[in-house]
Amino acid sequence: NGSFELLTDNSLTRLSGLTDSLSSRLVDSRILRSLETSVNYSIPKLGFPLKNSRWNDDAFSTKTEYAITHTVANQIFFDINLELRFNWRFEIQHNARKSSFIDFLELEWLDTTPQAAYLEQLERIYQDPILVGFAREDFRPQFTSIVRYRYRYSTIDPIKRDQGLFQEYSLAIAGNLPFLLDRYLITPNQVESSLPALGISGNRIEYAQFLKMTADFRRYVPMDVDNESIWATRFFAGFIHPYGKNSDVPINRRFFAGGNNDIRSYNVFRLGPGSLPSNQVPRNGGEIKLMLQTEVRQRFISNFMAADWYSVLFAETGNIWYGFRDLNLPDAQLELIRDGQFDPSRFYRQLPLIGGYGLRLDWDFVILRLDLAFRFRDVQQGWFNNSKPFFAFGIGHSF
């Protein structure tokens, strides 16, 4: 799999939030690319250690899957030099509605590099070497191990999404395998919170222990007997909490907000944390995410060009925040990024309100989506002070 995106100077400056002189130096990021190679092997039954479980006989269907994935990518603010992942997963479909997914073992090695202009911009804004060093910590080589359980209940058509209920809950525990290697094998009776590079990199490989929980709830209600009008609602909540000696969370395991399938009217990953402007974010992503979306779809043309045509009105809100971990920053630096941290007494003031209208072309096999979104409330500029429209194109419903 691969994708390429060519950005002009004006687009790069607008998306990155950098000054013209700094964005012109992001030569490698003018063509954003993502390349992924994967090898998958699956068998239609549960293997070790669930080989003798009753699920093999009682479940509607079962599967064991092994996958190796290799990824490299160029982003606006950083490059992924290497992301190498191994996943060992069990899938159990209990019945037509209920399914369980068990990631028995997921291992990942991640190596990223920040853009020099991104770090220089932070130096210009904060003029603080401590915060720039805080940002650099995102880009140390990371080794992650994860054990994850996901439960899904679904009565919806995955393409039409015109009636029914979808619920998915997940719980993941990360970092325990490298901790055991660190504690009992590599440096017995001592915890370093890092592992030897083993020839992969010149630096020791960091690891983090954290708990990650998510809840995704969606409901689709027909408003008439012919399904000409559908009211769709989605609520998503996510929480990450690190523990152990290393309180960092790998950048690719955090929550992000913005994009065609998220909070429309914000470019992908460019909303939050909190009310921090995108060009003043020392550490990308967050440990807390809340999102609420709703839309009403009304069919106004049937079977034209072999498709049903729907008009859509939608509204949504949400954001990400830094969580409750110890950021290991002095009070003066914490104050500079306070607007990015979750505060129960004021987080609702950091929620944008997005609204707009769209068009859906609904064929039996695919749905074409066109949306025009507006920021009624901008996180930085407040109510009705940002009239710039945001155009979104996609395949399939946004949720």
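Heads up: the structure comes first, above all this text.
This structure is a prediction, so every number in the text was calculated from the model and none was measured.

## Quick look at the overall build of the protein chain
Of regular secondary structure, the protein chain possesses 7 helices and 17 strands. Its C-alpha atoms give the protein chain a radius of gyration of 23 Å, near enough to 21 Å, the size a compact globule of 399 residues would have. C-alpha extents for the protein chain along the principal axes are approximately 65 × 60 × 40 Å. Taken over 399 residues, the protein chain has a buried fraction of 51%.

## Looking at the environment of Asn40
With respect to the helices, strands and loops of the structure, Asn40 is situated in strand E2 (residues 31–43). Linking Asn40 and Ala67, residues 27 residues apart in sequence, is a C-alpha distance of 4.4 Å. Setting aside anything within four residues of it in sequence, one finds Asn40 in contact with Glu65, Tyr66 and Ala67.

## Points about the pairing of strand E7 (residues 164–174)
Bridge count between strand E6 (residues 142–154) and E7: 9 bridges; the pairing is antiparallel. Across the sheet, the residue bridging to Ile146 is Ala174, located in E7.

## Brief notes about the packing of helix H4 (residues 116–126) against helix H5 (residues 129–136)
The N-to-C vectors of H4 and H5 enclose an angle of 150 degrees; their axes lie 9 Å apart at closest approach. As far as their axial angle goes, H5 and H4 are roughly antiparallel. Crossing hand, H4 versus H5: right-handed. Between H4, through Leu119, Leu122, Glu123 and Tyr126, and H5, the contact on the second element is made entirely by Leu131, Val132, Ala135 and Arg136. Among the residues making up the contact of H4 with H5, the classes are represented as 6 nonpolar, no polar and 2 charged.

## Examining H5
Buried within H5 we find Leu131, Val132, Phe134 and Ala135. All buried residues of H5 fall inside an arc of 155 degrees around its axis, so they share one side. Looking at the buried positions of H5, the neighbouring elements they touch are H4 and helix H7 (331–336).

## A few points about the packing of aromatic side chains
Going through the model one piece at a time under the given rule, you end up with 14 aromatic pairs. Ring geometry for Phe90 against Phe104: centres 6.0 Å apart, planes inclined by 65 degrees, an arrangement best described as edge-to-face. Here the residue Phe90 occupies a position in strand E4 (residues 78–93), and Phe104 occupies one in strand E5 (residues 98–114), the gap between them amounting to 14 residues. Arranged with centres 6.4 Å apart and planes meeting at 50 degrees, the rings of Phe376 and Phe384 form a pair that is tilted. For Phe384, a relative accessible area of 63% corresponds to the exposed category. Taken together, the ring pairs in this structure connect Tyr41, Tyr66, Trp88, Phe90 and Phe104 into an aromatic cluster. Positioned over the ring face of Phe101 is Arg150, at 4.4 Å from the centre of the ring. The ring of Tyr266 has Arg375 lying over it, and the distance from NZ or CZ to the ring centre is 3.8 Å.

## Quick word on the side chain of Ser265
Tracing the backbone shows Ser265 in the loop between strand E11 (229–243) and strand E12 (288–304). In this view, Ser265 contacts Ile354, Ala373, Phe374, Arg375 and Phe390; residues no more than four positions away in its chain are not counted.

## Section: the pairing of E6
Here E5 pairs with E6 via 11 bridges, running antiparallel. For Leu110, the partnering residue across the bridge sits in E6 and is Gln142.

## Some thoughts on the pattern of salt bridges
Inspection of every chain in the model, using the stated rule, returns 28 salt bridges. Asp103 is the partner of Arg89 in a salt bridge, and the nearest nitrogen-oxygen pair spans 2.7 Å. Of this pair, Arg89 sits in strand E4 while Asp103 sits in strand E5, and the two are 14 residues apart along the sequence. Owing to a relative accessible area of 1%, Asp103 belongs among the buried residues under this scheme. The partner of Asp371 in a salt bridge is Arg369, and the shortest N-O contact between them spans 3.8 Å. Of the two residues, Asp371 and Arg369, both sit in the buried class. A single salt-bridge network, built from bridges that share partners, covers Glu83, Arg85, Arg89, Asp103, Glu106, Glu108, Arg148 and Arg253.

## Digging into the side chain of Arg377
Locating Arg377 in the fold gives a position in strand E15 (residues 367–378). Although Arg377 is buried, it forms no salt bridge, and the closest oppositely charged side chain is Asp378 at an N-O distance of 7.6 Å. Here the side chain of Arg377 touches Arg349 through a polar contact of 2.9 Å, landing on its backbone oxygen. Separated by 3.1 Å, the side chain of Arg377 and the backbone oxygen of Leu351 make a polar contact. Ignoring anything within four residues of it in the chain, the contact list for Arg377 reads Arg349, Leu351, Pro352, Leu353, Gly382 and Trp383.

## Section: unusual backbone geometry
Cis geometry marks the peptide bond from Phe48 to Pro49, where omega comes out at 5 degrees. Checked against the element boundaries, Pro49 lands in the loop between E2 and helix H3 (55–58). Its identity as a non-glycine residue notwithstanding, Ser265 has a phi of 85 degrees, on the positive side. Judged by relative accessible area, Ser265 falls into the buried class, the value being 3%. Although it is not a glycine, Met305 adopts a positive phi angle of roughly 55 degrees. You can see Met305 is positioned in the loop between E12 and strand E13 (307–321).

Conventions used here
- Residues numbered from 1 in each chain as written.
- Predicted model: local features only at pLDDT ≥ 70, side-chain atom pairs only at ≥ 80, totals over all residues.
- Heavy atoms only, no water.
- Helix = DSSP H or I, 4+ residues; strand = E, 2+ residues; numbered from the N terminus.
- Rg over C-alpha atoms; globule rule 2.2 N^0.38 Å.
- Buried < 20%, exposed > 50% of the residue type's maximum accessible area, 1.4 Å probe, protein only.
- Contact = heavy atoms within 4.5 Å.
- Pairing = 2+ DSSP bridges.
- Axes fitted to C-alpha atoms, helices over the stretch in contact; angles between N-to-C directions.
- Parallel < 35°, antiparallel > 145°, perpendicular 65-115°, else oblique.
- Left-handed = near helix turned anticlockwise from the far one by under 90°.
- Nonpolar A, V, L, I, M, F, W, Y, C, P; charged D, E, K, R; others polar.
- Arc of directions from axis to C-beta.
- Phe/Tyr/Trp six-rings, centres within 6.5 Å; stacked < 30°, edge-to-face > 60°.
- Lys NZ or Arg CZ within 6 Å of the ring centre and 35° of its normal.
- Salt bridge = Lys/Arg side-chain N within 4 Å of Asp/Glu carboxyl O.
- Lys, Arg positive; Asp, Glu negative; His and termini not counted.
- Polar contact = N/O pair within 3.5 Å; in protein donor to acceptor, adjacent residues only side chain to side chain.

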